[in-house]
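Listed below are the residues making up each chain.
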Amino acid sequence: MKPCAFEYFSPQSVTEAVALLDRYGDDAKIIAGGQSLVPMMNFRLARPEILIDINGIRELEYIKTEGDELVIGALTRERDVEQSPLVIEKWPLLSKAVSYIGHSTIRNRGTIGGSLVHADPSAEIPTSLCALNGKVKVMGPSGEKELAPEEFFLTYLTTSLEPSDLLVEVRIPALPQKTGWSFRELSRRSGDFAIVAVGILLFTEKTGVCREARISMGGVAPTPVRAERAEALLAGQKISEKLIEQAAQQAAEETETEPDYHASAEYRRDMARVFVKRGLQEAWNMVNGGQ
Amino acid sequence: MTDNRRIMVKVNGVDYERWVEPRRLLVDFLRDDLELIGTHIGCEHGICGSCTVLLNGRAVRSCLMFAVQADGADIMTVEGLADSKQLHPLQAAFREKHGLQCGFCTPGMLMTAYEFLNEHPDPSEAEVRKNMSGVLCRCTGYKQVVDSVMEAARQMRKK
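Just so we're clear, the structure is a prediction, and the values are computed from it rather than from any experiment.

**Thoughts on the overall build of chain B**
Point 1. Looking only at helices and strands, chain B features five helices and five strands.
Point 2. Helices and strands in chain B line up, N terminus first, as β-β-α-β-β-β-α-α-α-α.
Point 3. Seen along its three principal axes, the alpha-carbon backbone of chain B occupies a region of about 50 × 30 × 25 Å.
Point 4. Every one of the 159 residues in chain B was classed for burial, and the buried ones make up 46%.
Point 5. Once local pairs closer than 6 in sequence are excluded, the contacts in chain B between residues at least 24 apart make up 57%.

What follows is the structure in structure tokens.
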């Protein structure tokens, strides 16, 4: 089908975009890469009366560091995040996660901010943001604020953004020197949405002890989730194959899986266990030289 | 009704100026307004890849953007591949290696492969498979598509 008619605005600055959002509120929809929005408009599942195209706001397209934080503009294309030498060197989990998004043609258009505000619980960037303890910077009529993932993601396809808020930036803290990581996902076909996506970070100390573990899971709950009790099992411990098994089992118990036509709830939960286990093994081998 | 917008685009090196309704998809603009029907429209929701074109050098799905968003852009469609005398090496390889049967997906295959080979002149077969997985073909079973892209890469490296 073809989309319904809409009125089109193409602001050239954040201020202008926020003013438009403030004026039109719920009737307006922001379009960035459009890789999720335009299919919904073509199906007429989305019928915005006003479309605010932020692709002209070049000030929102950048990848840089501030202090030791990674700072990415909301309009930065997924392909640029994936291929950024800075991201690959210092935040490789993010580059790897992004490489799983759709296909290269999708990543050429799709943006980091668009993926976050779309808030699909199985999407790679939201799952990474949780693993990396990133934050999103939001601009509204009354100024800016920073939100952590647990404040930002509310449920399926729903964030805490107000109708006149614009996500402008993603901020990710530095990772310590000795960090093991993994990002893996299960999908039926290349480029499909993940049945389960798992991002892992392990911070170690010289003695080979895991100081802190982060386990972020996508596709297994209404938002991406951290397996906090599984992380607690690993923190401060010497890692063994048995402990990894236990943590993976615990992580699976922290899911709230639902069935869909790709997978039953039980299968999703068990695959969460398998992928957390493999991810922990991979991340641990990375910092511990194959044990 | 919404007001039409005036846009200027360059397609395959030719400048066009047209008035479009904001809801006009880029693929419909190319096919219906510019009568460049080499770009095919399949699923209309970004799954099949048939409508892939190059937008400022990057392969994108023209069913997932509006023509107004292409204002000022440099676009290349499948019509831009061959010169008047001979096929582009990619097209020649698809012909030689039977990379198409019905031909519906072919414009998407070619434009996807075009960007890929620009970035990866000497790809492995696995890389070709991964990159071409975003375009659906219901005839070939993909084997010949992969063979064609590998052959095109070989020919293009010679030049």
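Don't stop here, the text continues.
**Topic: the confidence of the model for chain B**
Point 1. This prediction gives chain B a mean pLDDT of 96; 99% of its residues lie at or above 70.
Point 2. Taken over the whole predicted complex, pTM reads 0.96, whereas the ipTM for its chain interfaces reads 0.96.

**A word on the interface of chain B and chain A**
Point 1. Taken together, the contact pairs 24 residues of chain B with 24 residues of chain A.
Point 2. When residues of the side of chain B that touches chain A are traced back to their parent elements, those giving at least two are β4 (58–61) and α4 (125–132) of chain B.
Point 3. The greatest single-element share of the side of chain B that touches chain A, amounting to four residues, is contributed by β4 of chain B.
Point 4. For the side of chain B that touches chain A, the class distribution of residues is eight nonpolar, ten polar and six charged.

**A look at the domain arrangement of chain B**
Residues and elements named next belong to chain B.
Point 1. Split by domain assignment, chain B resolves into domain 1 (5–79) and domain 2 (89–158).
Point 2. The interface of domain 1 with domain 2 comprises 14 residues on the first partner and twelve residues on the second.
Point 3. It is strand β3 (residues 52–55) that provides the largest number of residues to the side of domain 1 that touches domain 2, a total of three residues.
Point 4. Here the residues of the side of domain 1 that touches domain 2 are counted per class, giving six nonpolar, seven polar and one charged.

**Some remarks on the domain arrangement of chain A**
Residue and element names in this part refer to chain A.
Point 1. Here chain A is partitioned into domain 1 (7–53), domain 2 (61–172) and domain 3 (180–286).
Point 2. Just the C-alpha atoms count here: the centres of domain 2 and domain 3 sit 21 Å apart.
Point 3. Each partner contributes residues to the interface: domain 2 has 19 residues there, and domain 3 has 18 residues.
Point 4. For the side of domain 2 that touches domain 3, the elements supplying multiple residues, two or more each, are α5 (92–99), α8 (124–131) and β8 (153–155).
Point 5. The element best represented in the side of domain 2 that touches domain 3 is α8, accounting for six residues.

**A look at the sheet that holds strand β3 (residues 50–53) of chain A**
Residues and elements named next belong to chain A.
Point 1. Reading across from one edge, β1-β3-β2 is the order of the three strands in this open sheet, with parallel pairing throughout. The open sheet has two edge strands, β1 (7–9) and β2 (28–31), and neither has a second partner. Strand-to-strand twist in this sheet, taken as the mean axis angle between neighbours without regard to direction, amounts to 25°.
Point 2. Helix α1 (residues 14–24) rests against β1, β2 and β3 of the sheet, and its axis sits at about 165° to β3.

**A few points about the packing of helix α2 (residues 89–96) of chain B against helix α3 (residues 106–119) of chain B**
All names here are of chain B.
Point 1. Contact pair α2 / α3: the axes reach a minimum separation of 10 Å and the direction vectors enclose 130°. Taken together, the axis directions place α2 and α3 in an arrangement best described as oblique. Considering only the axes of α2 and α3, their crossing is right-handed. Counting all contacts with α2, which are made through Leu90, Gln91 and Phe94, the residues of α3 involved are Thr106, Leu110, Ala113 and Tyr114.
Point 2. Considered class by class, the residues forming the contact of α2 with α3 number five nonpolar, two polar and no charged.

**Here we look at the packing of α4 of chain B against helix α5 (residues 143–158) of chain B**
All names here are of chain B.
Point 1. Direction vectors running N to C along α4 and α5 enclose 120°, while the axes themselves pass 10 Å from each other. The angle between α4 and α5 places the two elements in the oblique class. Read as a crossing pair, α4 and α5 show a hand that is right-handed. Taken together, the residues of α5 that come into contact with α4 (itself represented by Glu125, Val128, Arg129 and Met132) are Val145, Val146, Val149 and Met150.
Point 2. Residues belonging to the contact of α4 with α5 are distributed by class as follows: six nonpolar, no polar and two charged.

**Some thoughts on α1 of chain A**
All names here are of chain A.
Point 1. Burial in α1 covers these residues: Ala17, Val18, Leu20 and Leu21. Viewed end-on, α1 has its buried residues packed into an arc of 155°, placing them on one side of the element.
Point 2. Buried residues in α1 make contact with β1, β2, β3, β6 (135–140) and β10 (166–172).
Point 3. At the exit of α1 stands Gly25, carrying a positive phi of roughly 50°.

**Things to note about the pairing of strand β1 (residues 5–11) of chain B**
Residues and elements named next belong to chain B.
Point 1. Sheet topology note: the β1/strand β2 (residues 14–20) ladder contains seven bridges and is antiparallel. Paired with Met8 across the strands is Glu17, a residue of β2.
Point 2. The antiparallel hairpin formed by β1 and β2 contains two residues in its connecting segment, where Asn12 sits at a positive phi of about 50°.
Point 3. Summarising the sheet, β1 and strand β5 (residues 74–76) pair through two bridges and their orientation is parallel. Note on β5: the bridge partner recorded for Lys10 is Asp74.

Conventions used here
Residues numbered from 1 in each chain as written. Chains lettered and ligands numbered in written order. Predicted model: local features only at pLDDT ≥ 70, side-chain atom pairs only at ≥ 80, totals over all residues. Helix = DSSP H or I, 4+ residues; strand = E, 2+ residues; numbered from the N terminus. Buried ≥ 20, exposed ≤ 12 C-beta atoms within 10 Å, placed from the backbone. Contact = placed C-beta atoms within 7 Å. pLDDT = per-residue confidence, 0-100. Nonpolar A, V, L, I, M, F, W, Y, C, P; charged D, E, K, R; others polar. Domains from an automatic or database assignment. Pairing = 2+ DSSP bridges. Axes fitted to C-alpha atoms, helices over the stretch in contact; angles between N-to-C directions. Parallel < 35°, antiparallel > 145°, perpendicular 65-115°, else oblique. Left-handed = near helix turned anticlockwise from the far one by under 90°. Arc of directions from axis to C-beta.

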